[in-house]
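Residue-level structural notes
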Amino acid sequence: MAKKASETEVRPVVSILGTPVKCFYGPEDLPDFDYKEKLNDPGEYPFTRGVYSTMYRSSLWTMRQYSGQSTSDSTNERFKYLLKNGQTGLSLAFDLPTQIGLDSDMPLAEDDVGKLGVAVDSLDDFERIFDGIALDQISTSFTINATAPIILAMYVLVAQKQGVEPKRLRGTIQNDILKEYIARGTWIFPPEPSIKLVGDLVEYCNKEIPRFNAISVSGTHIMEYGANTVQAVALAISIAEVYIREVLKRGSRIDEIAPLFSFHLPIGGRDFNFFEDIARLRGARRYWAKLMKEKYGAQDKRSLQFRFSTGGMGGGLTAEQPLNNIARASIYAMAAVFSGTRSLNLACFDEVYAIPSDLAIRTSLRVQQILAYETGVADVVDPLGGSYYVEALTDEMEAKIGEIIGKIESDGGIVKMIESGAIQRKLARQSYAIQKRISSGEKVLVGVNKFKVKEEERDLEVYKTDPETINRQLQRLKAVKENRDQQKVENALQQLESAAGRGDNLIPYLFEPLTAKATIGEIIDTLKKVYGTFKEPTTV
Amino acid sequence: METKKTIRVLIAKIGLDGHDVGAKVLIFWLRDQGMEVIYTGLRQSVEQVVEVALQEAVDVIGVSILSGSHVSIAKKLLKRIHERELDDVLVLFGGTIPKDDIAVLKSTGVHGVFPSHAKLEEISAFIKENVKQARG
């Protein structure tokens, strides 16, 4: 009787997967638990506990804050500022015209030049961004997709000018176009030729720039669009398989290309649950290892290692009481470290308002440094391994990832779902459902629907784009166009068009137009003649 | 008494910003409030949006922009709306809009500004209130 009374007082909790969460977990939750099979030591198959045996004892995760200012010179300044402050890797954001292949002087670009990141029109801009930064000393991450082949080709050309061989370049290029059709909308061509270009870049990096992650399949944007934390990982893996099949059909072996794949996955967000977020990343490592080994016959250890960076989700941060976001980001960061992330960027506390200020970026970096140097959380690999709760959750998450991917395959595959708009509609509906749960107060957001303060002043010092940006960029572009050999540009673009028509790997054909100072817009327009453009499904 | 006419809303993405989930969430919400909502899809020009608004005889144009280009786009949109004599249409802007820009947008003729943290209820209430007023 007494027991029954106390049970009714227990607050009911349901996991993201819809299963009831118990008050505590014990050995009965892990029947027939086999350490070697389920976990094994870190650095050993199936890598549940981590892809490396010593993890942060050998090297800390890369602390990377996203940055890209309006112009090449201000970006160069910001990069130097961050390197001086102890950041260990660079991350470059591009403005929208650069992301979708428009030059700063093209009509549709006008309102977006230099707004969300740096404007790049020609190789000149790119050289200025990395002026005085030795490319063999750093790793750089590029958040770029539709125009990724052009950006990587520019990086190679800048390196060559510095006397750095491409083989020594380190970094990551996002190069994940499929999620752009779902979530961020920076597509240019239809999916088929876009997947082909993704394959070109992977194939090229495999041969020429082996230390560069040729692809970072991203689950973060999909989650911002409404996917839950497990769907975000499952969809990313499903998308990765499309690219893998694309490269395999060209004759590459799985062990040549699988090691080039890395993932960028969300941590935190509106649906954040500390243990679930960690468990699904541990589960994802085990799922990937088995997938590569059993489905694709991979043997090289590096093919089996599910390597990921994490992004602390801006979607979970609030405009109300913005300093609370520092606390949220700290906990996201801790979950990322317990998950065994190799790199982390955290959304900044003022990001709801605009591009983060210097103070906000520095604070996000300090959060990571405090975790790394003051707290001891990075001292032992996978410290949650063996927890009854976390292991039971990890099993459940791994199974769910497989289930979601199986369902996508039986529905005709992710590409078909993107073309029809089915996946976009499903996720947008989910986003609406979460929003309604927040509006109704069913889902608590501190400072938003609970523990509110009277309408506060939201005066934060936010970063403003210099209004002179556009003019400066337009003048530079004009100068580039006046001082180049037009015939050389046209010949190089003609060769590129022929190569695209033949279906050749396009990367080698990008160097000549770029060196001749052809613009990104001109290169993309050339390719549109061959590939066409995407027709977006607009049914909501 | 004549039957109350359904409010017609056009939700538009102008410029290059591809973040449209907020726009879609608003579409679901407004439909649940009994309004008819049309969505333009991404990368629309001001001219395209105004033409659709004319053809569809909408009461409201809601523009979603998260890329920071709201001020320059608002100026062009309001100018075009005026040229096409659509001045009765209620114009709303939503997205990542810093506080200082709210007044700027309003001075260009935008009727309501809703930053991304605005409540859905605020937006639908504003539409109901102001469309009614506009129709006298």
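Model, not experiment: these values are computed from the prediction.

**With respect to the overall build of chain A**
- When helices and strands are counted, chain A shows 22 helices and nine strands.
- What you see for chain A is a C-alpha radius of gyration of 23 Å, in line with the 24 Å of a compact globule of 540 residues.
- For chain A, the spread of C-alpha atoms along the three principal axes comes to 90 × 60 × 50 Å.
- When each of the 540 residues of chain A is scored for burial, the buried share is 59%.
- Put simply, of all contacts in chain A between residues at least 6 apart along the chain, 78% involve residues at least 24 apart.
- Roughly 21,500 Å² of accessible area belongs to chain A as shown, and the carbon and sulfur atoms make up 52% of that amount.
- Distance between charge centres in chain A, computed from 67 positive and 72 negative side chains, equals 2 Å.

**Things to note about the overall build of chain B**
- Each helix and strand in chain B was counted, giving five helices and five strands.
- When the helices and strands of chain B are placed in sequence order, the string is β-α-β-α-β-α-β-α-β-α.
- For chain B, the C-alpha radius of gyration of 14 Å lies close to 14 Å, the compact-globule estimate for 136 residues.
- Overall size of chain B, expressed as C-alpha extent along the three principal axes, is 45 × 30 × 25 Å.
- Sequence separation of 24 or more characterises 71% of the internal contacts of chain B that already satisfy a separation of 6 or more.
- By element, 52% of the accessible surface of chain B is carried by carbon and sulfur atoms, the whole surface being about 6,000 Å².
- Seen as two clouds, the 18 positive and the 18 negative side-chain charges of chain B have centres 2 Å apart.

**Quick word on the interface of chain A and chain B**
- Taken together, the contacts link 39 residues of chain A with 35 residues of chain B.
- Ranking the residues of chain A by area buried against chain B places Asp 111, Tyr 432 and Val 540 of chain A at the top, with a combined share of 21%.
- Linking chain A to chain B there are four salt bridges.
- Across the pair Asp 32 of chain B and Lys 436 of chain A runs a salt bridge whose closest N-O atoms are separated by 3.7 Å.

**Focus on helix 12 (residues 274-295) of chain A**
Residue and element names in this part refer to chain A.
- Here helix 12 spans 31 Å end to end across 22 residues, near enough to the 32 Å set by a 1.5 Å rise per residue.
- Helix 12 sits mainly inside the fold: 17 of its 22 residues count as buried.
- The N-cap residue of helix 12 is Asn 273: its side-chain oxygen and the backbone nitrogen of Phe 275 are 3.1 Å apart.
- At the exit of helix 12 stands Gly 297, carrying a positive phi of roughly 70°.

**Overview of the sheet that holds strand 4 (residues 90-95) of chain B**
Residue and element names in this part refer to chain B.
- With respect to topology, five strands assemble into an open sheet ordered 2-1-3-4-5, the strand pairing being parallel. Two strands close off the open sheet at either side, each with one partner strand: strand 2 (36-39) and strand 5 (112-115). Strand-to-strand twist across the sheet, computed as the mean angle between neighbouring axes with direction ignored, equals 20°.
- Summarising the sheet, strand 1 (residues 8-12) and strand 2 pair through four bridges and their orientation is parallel. Counterpart to Val 9 in the pairing with strand 2 is Val 37.

**Describing the pattern of salt bridges**
Residues and elements named next belong to chain A.
- Scanning all chains against the criterion turns up 49 salt bridges over all chains.
- Here Arg 280 ties to Asp 277 by a salt bridge, and the two come within 3.5 Å at their closest N and O atoms. Of this pair, Arg 280 and Asp 277 both sit in helix 12, separated by three residues, roughly a single helical turn. The same class applies to Arg 280 and to Asp 277, which are both buried.
- Linking Lys 400 and Glu 403 is a salt bridge whose minimum nitrogen-to-oxygen distance equals 3.2 Å. With Lys 400 and Glu 403 both in helix 16 (residues 388-410) and three residues apart, the pair spans about one turn of that helix.
- Among the residues examined, Lys 400 registers a relative accessible area of 25% and is labelled partly exposed.
- Taken together, the shared-partner salt bridges connect Lys 196, Asp 200, Glu 203, Glu 246, Lys 249 and Arg 250 into one network.

**Let's talk about the packing of helix 6 (residues 148-162) of chain A against helix 8 (residues 191-208) of chain A**
Residues and elements named next belong to chain A.
- Viewed as axis vectors pointing N to C, helix 6 and helix 8 meet at an angle of 25°, and their least axial separation amounts to 9 Å. For the element pair helix 6 / helix 8, the angle class is roughly parallel. Here Ala 148, Pro 149 and Leu 152 of helix 6 lie close against helix 8, whose contacting residues are Leu 197, Leu 201 and Cys 205.
- Its residues assigned to classes, the contact of helix 6 with helix 8 shows six nonpolar, no polar and no charged.

**Regarding the pairing of strand 9 (residues 343-346) of chain A**
Residue and element names in this part refer to chain A.
- As paired strands, strand 1 (residues 62-63) and strand 9 are joined by two bridges and run parallel to one another. Paired with Thr 62 across the two strands is Ser 343, which belongs to strand 9.
- As defined by bridge partners, strand 8 (residues 308-312) adjoins strand 9 across three bridges and the pair is classed as parallel. Each bridged residue has a counterpart across the sheet, and for Gly 312 the counterpart in strand 9 is Leu 346.
- As a crossover connection, the stretch from strand 8 through helix 14 (residues 324-339) into strand 9 is right-handed.

**A closer look at the packing of aromatic side chains**
Residue and element names in this part refer to chain A.
- According to the stated counting rule, one finds 26 aromatic pairs over all chains in the structure shown.
- For the ring pair Phe 263 and Phe 306, a centre distance of 4.5 Å and an interplane angle of 35° mean the geometry is tilted. Within this pair, whereas Phe 263 is found in strand 7 (residues 261-267), its partner Phe 306 is found in the loop between helix 13 (301-304) and strand 8, the two being separated by 43 residues in sequence. By the burial criterion, Phe 263 is buried, and Phe 306 matches it.
- Measuring from ring centre to ring centre gives 6.5 Å for Phe 272 and Phe 274, while their planes differ by 90°; the resulting arrangement is edge-to-face.
- By relative accessible area, which is 22% here, Phe 272 ends up partly exposed.
- Residue class for Phe 274 comes out buried when judged on its relative accessible area of 17%.
- Within the aromatic cluster, the residues linked to one another by ring pairs are Tyr 25, Phe 272, Phe 274, Phe 275, Tyr 332, Phe 338 and Tyr 389.
- Taking the ring centre of Tyr 25 as reference, the NZ or CZ of Lys 22 above it sits at 5.3 Å.
- Sitting over the ring of Tyr 45, Lys 293 keeps its end group 4.3 Å from the ring centre.

**Overview of the nonpolar core**
- Of all hydrophobic cores here, the largest spans 189 residues; its most connected members are Phe 126, Phe 130, Phe 142, Ile 237, Tyr 243, Phe 263 and Met 292 of chain A.
- Ranked by residues supplied to this core, first place goes to helix 10 (residues 229-248) of chain A with 13 residues.
- Leave out the neighbours within four places in its chain, and Ile 237 of chain A touches Phe 263, Tyr 287, Trp 288, Leu 291, Phe 306, Ile 401 and Ile 405 of chain A.
- One finds Val 71, Ile 73, Leu 77 and Ile 81 of chain B within the second-largest nonpolar core, a separate group that totals 25 residues.

**Overview of helix 3 (residues 70-83) of chain B**
Residues and elements named next belong to chain B.
- Given a rise of 1.5 Å per residue, 14 residues ought to cover 20 Å, and the 20 Å separating the end C-alpha atoms of helix 3 matches this to within 8%.
- Among the structural elements, helix 2 (46-56), strand 3 (60-65), strand 4 and helix 4 (99-107) are those in contact with the buried residues of helix 3.
- One or two steps after helix 3, the chain reaches Glu 85, where phi turns positive at roughly 55°.

**Notes on the sheet that holds strand 1 of chain A**
All names here are of chain A.
- Taken in spatial order, the five strands make up an open sheet running 1-9-8-7-6, and their pairing is parallel. Whereas interior strands pair on both sides, the edge strands pair on one side only; in this sheet they are strand 1 and strand 6 (215-218).
- Here strand 6 pairs with strand 7 via four bridges, running parallel. Within strand 7, the residue paired with Ile 215 across the bridge is Phe 261.
- Contacts from helix 14 reach strand 7, strand 8 and strand 9, with the element oriented near 170° to strand 9.

Cut-offs applied
Residues numbered from 1 in each chain as written. Chains lettered and ligands numbered in written order. Predicted model: local features only at pLDDT ≥ 70, side-chain atom pairs only at ≥ 80, totals over all residues. Heavy atoms only, no water. Helix = DSSP H or I, 4+ residues; strand = E, 2+ residues; numbered from the N terminus. Rg over C-alpha atoms; globule rule 2.2 N^0.38 Å. Buried < 20%, exposed > 50% of the residue type's maximum accessible area, 1.4 Å probe, protein only. Contact = heavy atoms within 4.5 Å. Areas by Shrake-Rupley, 256 points an atom, 1.4 Å probe, with all protein chains shown as cover. Lys, Arg positive; Asp, Glu negative; His and termini not counted. Charge placed at Lys NZ, Arg CZ, Asp CG, Glu CD. Buried area = accessible area lost by both parts, 1.4 Å probe. Salt bridge = Lys/Arg side-chain N within 4 Å of Asp/Glu carboxyl O. Expected span 1.5 Å × (residues − 1). Polar contact = N/O pair within 3.5 Å; in protein donor to acceptor, adjacent residues only side chain to side chain. Pairing = 2+ DSSP bridges. Axes fitted to C-alpha atoms, helices over the stretch in contact; angles between N-to-C directions. Parallel < 35°, antiparallel > 145°, perpendicular 65-115°, else oblique. Nonpolar A, V, L, I, M, F, W, Y, C, P; charged D, E, K, R; others polar. Right-handed = clockwise from strand over helix to strand, strands pointing away. Phe/Tyr/Trp six-rings, centres within 6.5 Å; stacked < 30°, edge-to-face > 60°. Lys NZ or Arg CZ within 6 Å of the ring centre and 35° of its normal. Core = buried A, V, L, I, M, F, W, Y, C linked by side-chain atoms within 4.5 Å.

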